[in-house]
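The primary structure of each chain is shown beneath.
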Amino acid sequence: MKGFLVRRLLGGLIVLWVVSAITFAIFFMAPGDPAVAYAGRAPSAAAIKATEERLGLKEPIPVQYWRFVSGIFVGRDYVSGANVTHCPAPCLGYSFKTNENVSELIGDRLPVTISIALGAAVLWLVAGVAAGVVSGVWPGSVWDRLAMVFALAGVSLPIYFTALLSQQAVVYKWRWIPAIGYTGFRDNPLIWGRNLLLPWLCIAFLYAALYARITRASMIETMGEDYIRTARAKGLRERRVVLKHGLRAGLTPIITLAGLDLGGLLGGAVIIEYVFGLPGIGKLAVDAIGGQNLPVILGVTLVAAAFIVVANILVDILYVVVDPRVRLA
Amino acid sequence: MSGSPEPGSPEAGSAESNSEADAFLHVDGLHVCFDTDDGVVRAVDGLSLRLDRGRTLGVVGESGSGKTVMSLAILGLVGGRRTSTSGRIWLDGEELVGAKPDRVRRLRGGRMAMIFQDPLSSLHPYFTVGSQLAEAYRAHHDAGRREAWDRSVEMLDRVGIRQPRERARDYPHQFSGGMRQRVMIAMALINDPALLIADEPTTALDVTVQAEILDLMRDLQREFGSAILLITHDLGVVAEVADDVLVMYAGQAMEYGSAGDVFSQPQHPYTWGLLTSVTRLDRARRARLPSIPGTPPSLISVPAGCPFRPRCPYEPRSRPASSSVRPELGIVARAGVGMEGPEHRVACHLDADERRRLFGDEVAPLL
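Residues numbered from 1 in each chain as written. Chains lettered and ligands numbered in written order. Predicted model: local features only at pLDDT ≥ 70, side-chain atom pairs only at ≥ 80, totals over all residues.

## Some details on the overall build of chain B
(1) Moving on: What chain B contains, in helices and strands, is 13 helices and 12 strands.
(2) Moving on: Taking all 367 residues of chain B together, 47% fall into the buried category.
(3) Moving on: Residue pairs in contact within chain B that sit at least 24 positions apart in sequence constitute 68% of those at least 6 positions apart. (Helix = DSSP H or I, 4+ residues; strand = E, 2+ residues; numbered from the N terminus. Buried ≥ 20, exposed ≤ 12 C-beta atoms within 10 Å, placed from the backbone. Contact = placed C-beta atoms within 7 Å.)

## Considering the sheet that holds strand 6 (residues 112-115) of chain B
Note: strands within a sheet are paired through backbone hydrogen bonds, in either parallel or antiparallel orientation.
All names here are of chain B.
(1) Moving on: The strand order 6-7-8-3-9-10-12-11 describes an open sheet built from 8 strands, whose pairing is mixed. Single-partner strands in this sheet number two, and they are strand 6 and strand 11 (329-331). Looking at each pair of strands side by side, their axes are set apart by 20° on average, direction ignored.
(2) Moving on: On the sheet, helix 2 (residues 67-75) packs against strand 3 (56-60), strand 6, strand 7 (195-199), strand 8 (227-232) and strand 9 (244-249) and is oriented at approximately 150° with respect to strand 7. (Pairing = 2+ DSSP bridges. Axes fitted to C-alpha atoms, helices over the stretch in contact; angles between N-to-C directions.)

## What to know about the environment of Val 19 of chain A
All names here are of chain A.
(1) Moving on: Mapped onto the secondary structure, Val 19 falls in helix 1 (residues 2-29).
(2) Moving on: Sequence separation between Val 19 and Ala 306 is 287 residues; the distance between their C-alpha atoms is 9.5 Å.
(3) Moving on: Those residues in contact with Val 19 that lie beyond four places of it in its chain are Thr 301, Leu 302 and Ala 305.

## Let's talk about the pairing of strand 9 of chain B
Residues and elements named next belong to chain B.
(1) Moving on: For strand 9, the tally of buried residues reaches 6 of 6 residues, placing the bulk of the element in the interior.
(2) Moving on: Here strand 9 shows no split at all, with Asp 244, Leu 246 and Met 248 on one side and Val 245, Val 247 and Tyr 249 on the other all buried.
(3) Moving on: Alignment of strand 3 against strand 9, held across 4 bridges, turns out to be parallel. By the bridge assignment for strand 9, Val 59 is matched with Leu 246.
(4) Moving on: Judged from the 6 bridges that link them, strand 9 and strand 10 (residues 252-258) form a sheet pairing that is antiparallel. Bridging across to strand 10, Val 245 finds its partner in Gly 257.
(5) Moving on: Between strand 9 and strand 10, which pair antiparallel one after the other, the connecting turn spans 2 residues, and Ala 250 there sits at a positive phi close to 50°.

## Considering the sheet that holds strand 2 (residues 39-51) of chain B
All names here are of chain B.
(1) Moving on: Spatially, the 4 strands line up as an open sheet ordered 2-1-4-5, and their pairing is antiparallel. Either end of the sheet is taken by a strand with one partner, and the two such strands are strand 2 and strand 5 (94-95).
(2) Moving on: In terms of strand pairing, strand 4 (residues 83-91) meets strand 5 through 2 bridges, oriented antiparallel. Bridging from a neighbouring strand, Leu 91 pairs with Glu 94 of strand 5.

## Regarding the pairing of strand 2 (residues 83-87) of chain A
Walk down a regular strand and you will see the side chains alternate between the two sheet faces.
Residue and element names in this part refer to chain A.
(1) Moving on: Along strand 2, only 0 of the 5 residues are buried, which leaves the element largely exposed.
(2) Moving on: Judged from the 5 bridges that link them, strand 1 (residues 76-80) and strand 2 form a sheet pairing that is antiparallel. Counted as the bridge partner of Ser 80 is Asn 83 from strand 2.
(3) Moving on: Remark: 2 residues form the turn of the hairpin made by strand 1 and strand 2, two consecutive strands paired antiparallel; Gly 81 in that turn has positive phi of roughly 65°.

## What to know about the environment of Asp 33 of chain A
(1) Moving on: Take Asp 33 of chain A: it is sitting in the loop between helix 1 and helix 2 (34-39).
(2) Moving on: Sequence separation between Asp 33 of chain A and Ile 48 of chain A is 15 residues; the distance between their C-alpha atoms is 9.6 Å.

## With respect to the interface of chain B and chain A
One widely used convention gives an interface's size as the accessible area the parts lose upon coming together.
(1) Moving on: Taken together, the contacts link 22 residues of chain B with 16 residues of chain A.
(2) Moving on: Those elements giving two or more residues to the side of chain B that touches chain A turn out to be helix 3 (101-107), helix 4 (119-122) and helix 5 (129-138) of chain B.
(3) Moving on: Partitioning the side of chain B that touches chain A into residue classes produces 10 nonpolar, 7 polar and 5 charged. (Nonpolar A, V, L, I, M, F, W, Y, C, P; charged D, E, K, R; others polar.)

## As for the packing of helix 5 (residues 102-137) of chain A against helix 13 (residues 281-290) of chain A
Residues and elements named next belong to chain A.
(1) Moving on: Where helix 5 meets helix 13, the axes come as close as 7 Å, and the angle between the chain directions of the two elements is 130°. Comparing their axes, helix 13 and helix 5 come out oblique. Residue-level inspection shows Leu 105, Ile 106, Arg 109, Leu 110 and Thr 113 of helix 5 in contact with helix 13, the latter providing Ile 281, Gly 282 and Leu 284.
(2) Moving on: Across the contact of helix 5 with helix 13, the residue classes tally to 5 nonpolar, 2 polar and 1 charged. (Parallel < 35°, antiparallel > 145°, perpendicular 65-115°, else oblique.)

## Here's the deal with the domain arrangement of chain A
All names here are of chain A.
(1) Moving on: Here the domain parsing of chain A yields domain 1 (2-101) and domain 2 (106-322).
(2) Moving on: With 18 residues of domain 1 in contact, the opposing surface of domain 2 contributes 16 residues.
(3) Moving on: Secondary-structure elements contributing two or more residues to the side of domain 1 that touches domain 2 are helix 1, helix 2 and strand 3 (94-95).
(4) Moving on: The dominant element in the side of domain 1 that touches domain 2, judged by the number of residues it contributes, is helix 1, at 10 residues.
(5) Moving on: When its residues are assigned to classes, the side of domain 1 that touches domain 2 shows 10 nonpolar, 6 polar and 2 charged. (Domains from an automatic or database assignment.)

Here is the structure:
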């Protein structure tokens with residue numbers, strides 16, 4: 001187990017290193033002067049010069065990359081004459097355009113995205129898996145057909161559509177809840193939940209639809225297995241056959257999927273955050289792209305990649321726990 | 001179809017069933033049909049058999065002859081909206097067809113148990129062998145976890161698994177094929193079933209392991225006094241362990257009798273075909289192993305008359321008038337080999353004398 005963990009963590013670090021290198025390289029391969037890009041819109045000549053100096057843009061690219069990477073682990077100082085800006089570890093860069101430390105920026109936005117992703121995951125797992133199990137155990141039944149109609153709608157409707165429509169109706173037309181903003185859970189859990197309800201439902205609708213279909217297919221396959229017949233031949237009650245023998249095997253693939261989807265969502269629920277104006281990682285990325293705020297884009301990309309890498313490792317570990325046939329390798 | 005009463009009809013009263021059900025397992029006119037989009041599949045088509053405790057009935061036939069469906073029907077495991085089961089099955093005098101599903105469920109795994117063909121796919125991959133055995137025990141006994149676990153270990157020991165206490169904590173994939181089949185047998189026998197149905201229990205195993213498993217089943221039968229319904233396509237296995245033989249084709253009985261009668265005086269051309277196509281190491285290699293020409297019929301469109309007619313090499317010798325009539329499973333004059341077991345019966349349009357001559361001249365030299 002220890003060797004497995006070390007290998008997987010090393011592998012994950014290599015993936016992150018590749019992601020960071022590629023992202024970093026893109027800025028320098030992109031047309032235009034990086035100093036101009038880093039300095040912000042319509043900068044003065046002095047501002048460009050200062051930016052060049054602070055970021056060390058005259059240095060060879062590998063040296064610049066090394067500074068960026070070492071900054072993550074030990075922090076770094078941006079020096080421009082007598083003007084020193086310290087960026088403590090983990091330093092993902094510093095945006096001189098908005099004078100913000102990227103790590104702090106991401107740290108501030110992270111709770112929003114985590115709230116959105118975790119809440120939605122609970123909803124979609126409960127709804128999607130339940131619908132999928134019922135459909136898969138009784139395919140062709142009324143419940144199956146009903147669930148599959150909803151699933152088709154969930155998969156087909158784009159999330160920007162459901163988000164805009166629900167916001168328009170619930171907030172502006174019927175005025176059931178006031179305009180959505182973000183309130184921290186610790187500030188007021190009730191308002192936190194009220195604000196996030198629509199985002200959760202919109203994400204969960206899409207994902208629950210996918211999960212219902214996948215769970216259904218998995219359950220149909222499982223319930224046709226020989227060991228289900230054996231369970232019945234033992235004289236077990238049908239409820240036990242389904243809930244113990246069926247679910248144990250049928251839901252295993254769902255664990256993998258849920259881990260990876262959650263990891264992806266933690267890197268930013270871009271559309272939902274943007275539509276509902278929630279200040280999460282996804283909205284941060286979109287705003288940074290709109291404002292050509294390169295350090296922020298680089299930082300968010302790395303963090304999002306890290307979530308996916310970690311989710312992958314966790315899923316692999318979890319799989320070893322749930323499936324006795326899988327060996328650590 | 002059959003003239004047997006519908007399950008649950010007034011004729012199926014208890015007074016009559018008691019007189020009918022003198023055998024421990026008695027199947028009478030069993031039909032199992034699946035309604036598919038292509039037509040009705042008659043998987044079991046009017047099958048009758050009797051089996052007493054302590055005896056073994058070998059059910060032989062090619063793949064798709066309805067053997068497995070028949071055994072699942074006895075256990076009450078064929079179901080679904082497009083399936084219909086009719087005819088009658090008695091287990092120790094209790095009628096099973098048409099009985100409450102919950103009643104049949106209680107018998108299943110308790111009074112009657114089944115060993116499946118492929119032990120790897122038939123055991124649950126995510127549960128330890130011990131817990132799967134214990135679950136079977138607790139399904140029929142009011143026992144605690146500890147007691148059920150001890151009983152599982154005891155059964156594993158009984159079927160010859162070494163270090164049973166340690167092995168009970170292993171998962172099915174950690175066992176070899178033969179050991180897995182022993183686990184299956186232990187699971188089937190954990191509740192001392194009076195009827196054990198073994199569906200091709202040795203097909204997935206090495207030849208050497210096959211013999212061990214058959215020996216084990218025989219020993220356990222002696223110990224538990226169970227009736228065994230052994231389903232196989234391997235006549236060698238049947239010759240080794242069965243007291244009685246039922247030859248099935250297209251969901252129907254072609255020949256039925258004691259093993260002594262069927263092996264010494266086989267009556268049906270299909271049985272002859274099965275017998276002559278058995279590989280034997282103790283004789284000179286023939287140019288080519290004989291086989292039965294053609295393939296079994298689709299069970300959607302079984303030919304009228306004798307289902308074996310299209311593949312029967314002796315078909316022209318039967319009376320033309322009988323081509324559209326299904327032959328009855330009629331009694332053959334007893335050879336007097338033994339008075340135990342069922343009367344020797346065959347469903348064939350050929351004359352008894354003609355069959356005797358054909359067997360003597362054409363079939364016996366090949367055996």
